[in-house]
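Residues per chain, in single letters:
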Amino acid sequence: NYYQTQLQTEEGRGVALSYFRERGLTDKTITDFELGYAAEGWQNLYNEAIKNQFNPEHLERTGLVKKNEKGGYFDFFRQRVIFPIHNPSGKIVA
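Quick caveat, the model's predicted, so the values are computed rather than measured.

Enquirer: Please provide a residue-by-residue account of the overall build of the protein chain, values included.
Expert: The helix and strand tally for the protein chain stands at 5 helices and 4 strands. The order of α-helices and β-strands along the protein chain, N terminus first, is α-α-α-β-α-α-β-β-β. The burial tally for the protein chain puts 27% of its 94 residues in the buried class. In the protein chain, 52% of the contacts between residues at least 6 apart in sequence involve partners at least 24 apart. Summed over all atoms, the accessible surface of the protein chain reaches about 6,600 Å², with 51% contributed by carbon and sulfur. Measuring between centres, the 12 positive side-chain charges of the protein chain sit 4 Å from its 12 negative side-chain charges.

Enquirer: Can you lay out unusual backbone geometry for me, pointing to particular residues and giving the numbers?
Expert: Non-glycine residue E34 carries a positive phi angle of around 55 degrees. Along the chain, E34 falls in the loop between helix 3 (27–32) and strand 1 (36–38).

Enquirer: Give a detailed account of helix 4 (residues 44–51), specifying residues and quantitative values.
Expert: Regarding helix 4, the residues found buried are L45, Y46 and A49. Across the axial projection of helix 4, the buried residues extend over an arc of 100 degrees, all falling on one side. Backbone geometry just downstream of helix 4 places Q53 in the positive-phi region, at approximately 65 degrees.

Enquirer: So, the packing of aromatic side chains: which residues are in play, and what are the values?
Expert: For any pair of aromatic rings, the description consists of the separation of the ring centres together with the inter-plane angle of the planes. Tallied over the entire structure, the rule returns 6 aromatic pairs. For the ring pair F20 and F83, a centre distance of 5.7 Å and an interplane angle of 85 degrees mean the geometry is edge-to-face. Pair noted here: F20 is in helix 2 (residues 10–22) and F83 is in the segment after strand 4 (80–82), with a separation of 63 residues, a long-range link. Its relative accessible area of 0% is what places F20 among the buried residues. Judged by centre distance (5.9 Å) and plane angle (70 degrees), the ring pair of W42 and F74 falls under edge-to-face. Within this pair, whereas W42 is found in the loop between strand 1 and helix 4, its partner F74 is found in strand 3 (residues 73–75), the two being separated by 32 residues in sequence. Relative accessible area serves as the criterion here: at 22%, F74 is assigned to the partly exposed category. Every member of this aromatic cluster is reached through a ring pair, and the members are Y19, F20 and F83. Here the basic side chain of K66 rests over the ring of F76, its NZ or CZ set 5.0 Å away from the ring centre. The ring of W42 carries R78 above its face, with NZ or CZ at 3.7 Å from the centroid.

Calculation criteria
Residues numbered from 1 in each chain as written. Predicted model: local features only at pLDDT ≥ 70, side-chain atom pairs only at ≥ 80, totals over all residues. Heavy atoms only, no water. Helix = DSSP H or I, 4+ residues; strand = E, 2+ residues; numbered from the N terminus. Buried < 20%, exposed > 50% of the residue type's maximum accessible area, 1.4 Å probe, protein only. Contact = heavy atoms within 4.5 Å. Areas by Shrake-Rupley, 256 points an atom, 1.4 Å probe, with all protein chains shown as cover. Lys, Arg positive; Asp, Glu negative; His and termini not counted. Charge placed at Lys NZ, Arg CZ, Asp CG, Glu CD. Arc of directions from axis to C-beta. Phe/Tyr/Trp six-rings, centres within 6.5 Å; stacked < 30°, edge-to-face > 60°. Lys NZ or Arg CZ within 6 Å of the ring centre and 35° of its normal.

As structure tokens, then:
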């Protein structure tokens, strides 16, 4: 949901949504496949997740954030479009 929301920001519309449009994707396709955008920045997802009481270690195990040399965390995905992978039951698995 976070990445889908970021697609609607000024940066997301300018970078990712324009990319999707160039590739011929419709709003329906973008919505149906739950496409999104990871904004530029080192801790955007991390800060939002912590604000919503997610555990940093869990975020690291999912691969969404990584730990730096000083023990802090940073977003693994930055400034890129997001194509979630769904299993046959519809759950996002990658």
